[in-house]
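What follows is the residue order along each chain.
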Amino acid sequence: MRGTIETDPWNPKPEVIARAAAILRSGGLVAFPTETVYGLGADGLNPQAVEKIFQAKGRPQDNPLILHLSVPQEAEELAELDSRARAVMGAFWPGPLTLVLPARPAVPEAVRAGLPTVALRIPDHPVALALIRKTGRPIAGPSANRSGRPSPTDAAAVAADLGESVELILDAGNVNIGLESTVIDLTGEKILLLRPGGMPIERLEEFFGTPLGAPGGGEKKRSPGTRYRHYAPDVPVYIWDHKEELPGAIDLAQSAFIGMTPPPFGFARMVLFDSQENYARGVFAAFRRLEAEGVRHIVAEWPAPSGIGLALRDRILRAKEAVTTTRWESQRL
Ligand code: AMP
Ligand code: MG
């Protein structure tokens, strides 16, 4: 049976979690809430189940998946850990930080997309943690959207994109952060930022006492997912960086603005947020909603690059155009 079950984000009912875990253990797909965005879960040790994720999302086969754990000890059999990796886990998990580490043989090739590394995270959400614990396996969980679309920040967005291909959606309301996890690479001496996300890099750099590196020329070092256009509504997105002019193509009477600073232009539709955190939390839902309303153009305010702002810049840039380089690197440095 396909469907959605509403669940209390703080106190999920054991019978609901048991039902979802049974689907995962039998190789099915369950969408579940995390603190970042909704995830599309499958048993991360079952290659056939993992394959269903790629099918359902239309995800390129060379884009690996994050394995979600409930306690750091579960990482021991999945990755080669050193004292630095254990210290990071102790400091930042559960939380919106994904670690790329050398993979151990237990990790199926489909999860790694053929890479010698694996990405791991413990989400900070009671429903996700209960589900992972009850399933008793690491859960492969990319964002629960069709590949390339804005990530889902509520259950309705999951149903709109994947309702046909997922057996169950656990609906715990709106997510807290609204953008995906920060991904760092711990496989080399220099720690690399592969994707800015929910964990501000200022906190990581304070912890490590050194700036994070940017993935250099070796394409393999990059998060493969950052090569693709992503996070994009079916409406062209433009960036407004507080200039007095807008791109010429924009017909204000049919366009929407999203951001924090009311702009000096007469947009037909305005979606204003009162903080950078709320902008991050609401940007994907705003994209989807404005698309449904039929606006012709979306103009997004270019946020400051501090805190969650760096990740917000990255997502807006990727929604705007095909980005083949990690341009936030130059935005920041
Ligand atoms: P998603 O779960 O859809 O938000 O995407 C997960 C992100 O983590 C993508 O950008 C992936 O390319 C990245 N990722 C997953 N596994 C690895 C890995 N082994 N090495 C580098 N990046 C990874
Ligand atoms: Mg995604």
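Residues numbered from 1 in each chain as written. Chains lettered and ligands numbered in written order. Predicted model: local features only at pLDDT ≥ 70, side-chain atom pairs only at ≥ 80, totals over all residues. Heavy atoms only, no water.

Undergrad: I keep staring at the overall build of the protein and nothing clicks. Help me out?
TA: Along its length, the protein carries ten helices and 14 strands. Relative to the 2.2 N^0.38 estimate, which gives 20 Å for 333 residues, the radius of gyration of the protein is 19 Å and therefore close to what a compact globule would have. A buried classification covers 57% of the 333 residues belonging to the protein. For the protein, long-range pairs separated by at least 24 residues make up 66% of all intrachain contacts whose partners lie at least 6 apart in sequence. Taking the average location of the 37 positive side-chain charges in the protein and that of its 39 negative ones, the two points are 3 Å from each other. (Helix = DSSP H or I, 4+ residues; strand = E, 2+ residues; numbered from the N terminus. Rg over C-alpha atoms; globule rule 2.2 N^0.38 Å. Buried < 20%, exposed > 50% of the residue type's maximum accessible area, 1.4 Å probe, protein only. Contact = heavy atoms within 4.5 Å. Lys, Arg positive; Asp, Glu negative; His and termini not counted. Charge placed at Lys NZ, Arg CZ, Asp CG, Glu CD.)

Undergrad: Would you explain helix α6 (residues 155-162) in this entry?
TA: Helical geometry: 3.6 residues make up each α-helical turn, so side chains three or four residues apart lie on a common side. Those residues of α6 that fall on the buried side of the exposure criterion are A155, A157, V158, D161 and L162. Projection of α6 onto a plane perpendicular to its axis shows the buried side chains occupying an angular sector of 155°, all on one side. Away from the buried face of α6 by more than 90 degrees, exposed residues A156 and A160 are located. Against β2 (30-32), β3 (39-43), α2 (47-57), β8 (168-171) and α8 (276-293) lie the buried residues of α6. The N-terminus of α6 is capped by D154, whose side-chain oxygen sits 3.3 Å from the backbone nitrogen of A156. (Arc of directions from axis to C-beta. Polar contact = N/O pair within 3.5 Å; in protein donor to acceptor, adjacent residues only side chain to side chain.)

Undergrad: What's the story with the sheet that holds strand β13 (residues 269-272) in this structure? I'm lost.
TA: Adjacent strands of a sheet form backbone hydrogen bonds with each other and so pair up, either parallel or antiparallel. The four strands are arranged β11-β14-β12-β13 in an open sheet whose pairing can be described as parallel. The open sheet has two free edges, formed respectively by β11 (237-240) and β13, since each of these has just one partner strand. Ignoring strand direction, the axes of neighbouring strands in this sheet form an average angle of 20°. One ladder, built from four bridges, connects β11 with strand β14 (residues 297-301); its direction is parallel. Bridge pairing in β14 places I239 opposite A300. Strands β11, β12 (255-259), β13 and β14 of the sheet are contacted by α8, whose axis makes an angle of about 170° with β12. Running over the sheet, helix α9 (residues 309-320) touches β11 and β14 and is turned about 135° from β11. (Pairing = 2+ DSSP bridges. Axes fitted to C-alpha atoms, helices over the stretch in contact; angles between N-to-C directions.)

Undergrad: I'm lost on the packing of α8 against α9 in this one. Help?
TA: For any two helices packed against each other, the geometry comes down to the angle between their axes and how far apart the axes lie. Following both chains from N to C, one finds α8 and α9 inclined at 20°, their axes separated by 9 Å at the closest point. In terms of orientation, α8 and α9 fall into the roughly parallel class. The element α8 and its partner α9 pack so that their crossing is left-handed. Side by side, α8 and α9 meet where Q276, Y279, A280, V283, F284 and F287 of the first sit next to G309, L312, R315, I316 and A319 of the second. In the contact of α8 with α9, the residues fall into eight nonpolar, two polar and one charged. (Parallel < 35°, antiparallel > 145°, perpendicular 65-115°, else oblique. Left-handed = near helix turned anticlockwise from the far one by under 90°. Nonpolar A, V, L, I, M, F, W, Y, C, P; charged D, E, K, R; others polar.)

Undergrad: Would you take a moment to explain the packing of aromatic side chains for this structure?
TA: Geometry of an aromatic ring pair is reported as the spacing of the ring centres plus the angle between the planes. One pass over the full model with this rule turns up eight aromatic pairs. What links up through ring pairs into an aromatic cluster is the set W240, F257, F265 and F267. (Phe/Tyr/Trp six-rings, centres within 6.5 Å; stacked < 30°, edge-to-face > 60°.)

Undergrad: Explanation requested: the pattern of salt bridges in the structure shown.
TA: Opposite charge on two side chains lets them pair, provided their charged atoms get close. By the definition in use, this model includes 13 salt bridges. The partner of E291 in a salt bridge is R149, and the shortest N-O contact between them spans 2.9 Å. With a gap of 142 residues between them, E291 in helix α8 and R149 in the loop between β7 (139-140) and α6 connect regions that are remote in the sequence. K243 is the salt-bridge partner of D241, the closest N and O atoms lying 3.1 Å from each other. A relative accessible area of 36% means that D241 is categorised as partly exposed. (Salt bridge = Lys/Arg side-chain N within 4 Å of Asp/Glu carboxyl O.)

Undergrad: Sorry if this is basic, but what is going on with the nonpolar core here?
TA: Taken as a class, soluble globular proteins show a tendency for nonpolar side chains to be buried jointly. The biggest cluster of nonpolar side chains holds 67 residues, and the ones touching the most others in it are L99, L101, L120, L131, L170, I184 and L186. Not counting residues up to four positions away in its chain, the partners in contact with L131 are I17, A20, A21, L24, V30, F32, I139 and L170. Grouped together as the second largest cluster of nonpolar side chains are 25 residues, V235, A280, F284 and F287 included. (Core = buried A, V, L, I, M, F, W, Y, C linked by side-chain atoms within 4.5 Å.)

Undergrad: Help me out: how do you make sense of the environment of L40 in this one?
TA: Note on placement: L40 falls in strand β3. Residue classification places L40 among the buried positions, given a relative accessible area of 0%. Sequence separation between L40 and L162 is 122 residues, and the spatial gap between their C-alpha atoms is 9.1 Å.

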